[in-house]
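Each chain, letter by letter, is given below.
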Amino acid sequence: MGTADLHIHSIYSYDATTTVRAILKQAADVGLNVIAVTDHDEIRGSFEAAQLAPQYGLEAIPGAEVSTREGHLLALFIQTLPPAGMSMIDTLIHIGKQGGIAIAPHPFNNLPGSLSMEAVLGALANPRAKGPLKGIETHNFGTQNFDKVARKLSVFLPFAKIASSDAHIYWAIGAGRTSFPGNTAQELRTALEKNTTVPIPYEGESSAVAILSWVRRIAMRKFGYASDSPSASTPIDTQQITDSMIQKINKVKRQRKKT
Ligand SMILES: [Zn+2]
Ligand SMILES: [Zn+2]
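Residues numbered from 1 in each chain as written. Chains lettered and ligands numbered in written order. Predicted model: local features only at pLDDT ≥ 70, side-chain atom pairs only at ≥ 80, totals over all residues.

Student: Can you help me understand the packing of helix α1 (residues 20-29) against helix α2 (residues 44-52) in this one?
Tutor: Contact geometry of α1 with α2 gives a least axis separation of 9 Å together with a crossing angle of 50°. Comparing their axes, α2 and α1 come out oblique. Here the hand of the crossing between α1 and α2 comes out right-handed. On α2, the residues touching V20, R21, I23 and L24 of α1 are G45, E48, A49 and L52. Across the contact of α1 with α2, the residue classes break down as 5 nonpolar, 1 polar and 2 charged. (Axes fitted to C-alpha atoms, helices over the stretch in contact; angles between N-to-C directions. Helix = DSSP H or I, 4+ residues; strand = E, 2+ residues; numbered from the N terminus. Parallel < 35°, antiparallel > 145°, perpendicular 65-115°, else oblique. Left-handed = near helix turned anticlockwise from the far one by under 90°. Contact = placed C-beta atoms within 7 Å. Nonpolar A, V, L, I, M, F, W, Y, C, P; charged D, E, K, R; others polar.)

Student: Could you clarify how one ought to interpret the nonpolar core in this entry?
Tutor: In summary, soluble globular proteins display a tendency toward joint burial of nonpolar side chains. Core analysis: the biggest nonpolar cluster contains 64 residues, and I23, I35 and L76 have the highest contact counts within it. With 5 residues, α1 is the single largest residue contributor to this core. For L76, the contacting residues outside a window of four places in its chain are L6, A36, I61, G63, G100, I101 and I103. (Core = buried A, V, L, I, M, F, W, Y, C linked by C-beta atoms within 7 Å. Buried ≥ 20, exposed ≤ 12 C-beta atoms within 10 Å, placed from the backbone.)

Student: In this structure, what is going on with the packing of helix α3 (residues 88-97) against helix α4 (residues 117-124)? I would like to understand it.
Tutor: Between two packed helices, both the angle of their axes relative to each other and the distance between the axes serve to describe the pair. Their axes nearest at 10 Å, the elements α3 and α4 cross at an angle of 50°. With respect to each other, α3 and α4 are oriented oblique. Of the two possible hands of crossing, α3 and α4 adopt the one that is right-handed. Residues M88, I89 and L92 of α3 form the contact with α4, whose own contacting residues are A119, G122 and A123.

Student: What is the right way to read helix α6 (residues 185-194) from this model?
Tutor: Count 3.6 residues to each turn of an α-helix, and residues three or four apart come out pointing the same way. For α6, the full list of buried residues reads A185, L188, A191 and L192. End-on, the buried residues of α6 take up no more than an arc of 115°, which puts them together on one face. Relative to its buried face, α6 has exposed residues pointing more than 90 degrees away, namely Q186 and K194. Backbone geometry just after α6 places N195 at a positive phi near 60°. (Arc of directions from axis to C-beta.)

Student: Whenever I open this one, the environment of T178 confuses me. Can you help?
Tutor: Assignment of secondary structure puts T178 in strand β9 (residues 177-180). Separated by 130 residues in the primary sequence, T178 and E48 place their C-alpha atoms 22 Å from one another. Contacts of T178, omitting those with residues within four sequence positions, involve T3, A4, L6, I162, A163, T197, P199 and I200.

Given below as C-alpha cells:
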C-alpha cells in the first residue's frame, strides 16, 4: 500500500508559506509516495512539483484547487487550469474533457468555499458532470473540527474517501493522508476510480497550533521569507526567497488582481 497527500498549498497560493522544493522534501521525509500541490486557482506550482518530484523519490500529480461558484473543487491529473468562477458543473466538465478527475475538498461544513450537499447531488444528477467527480475529503487537517457531516454522508455517496492535510505550512504535510493499493500516481488514480482508497486521518488534537504557526509564517512571507530547502538532502529552513521566485509569485498576484 502507498500513501498520498492530495491537497497541499505552495507559495503560489497567496495564503501559503512553503516553496515547492520544501514541500517535496517534507513529503519525502514523512514517507509519502504521491502528492498533489493544489494551489488556489493556480497550476504552476504543481507542474514544478511534478518535474522535480523524481529527485525526491516521489510522484507529484498536476492539479489545483479551483474556486467554482458553489465552492472549492480539487482538480487532479489536469494539464490546463479551469478558470475560476465557473459553476461547479461547468468546472467538472472542463476537468473531464482534459482527462482529469475531481475531489470535493472539506465539503458540507457550511464554511466559505465549501461545497454544499445540494451542489454535490446536483453534479451527480448531471450525466456530463458526474463522471469526473471521484472523491470526497472525509478528513481535512485544516477543517478537522467541521468534518463530521462529510464523514456521515460519505457512506451514502459513490465516492472514494480521502484524508488530506490542506497544508499551508510545511510541517502539516502528511497530517491526513490516503492509503491506496500500489504506490504510483497511476495506481492511486485507479484506486480513486474504483473507490478503494482508505483515509488515514491525523490523530492529534485540534489545529490551533497550526493556525498560530500559519499566522507567524504568513507575516514572514510579507517580508519575503518562506519555508524552503534547496535540495533533497538539505533541511527545511526559513529562507529569503530569491528574486526569480518572487517575480513568479508577483506575476500570480497580478493575475489574481485582474480576475
Ligand atoms: Zn479549500
Ligand atoms: Zn486548500
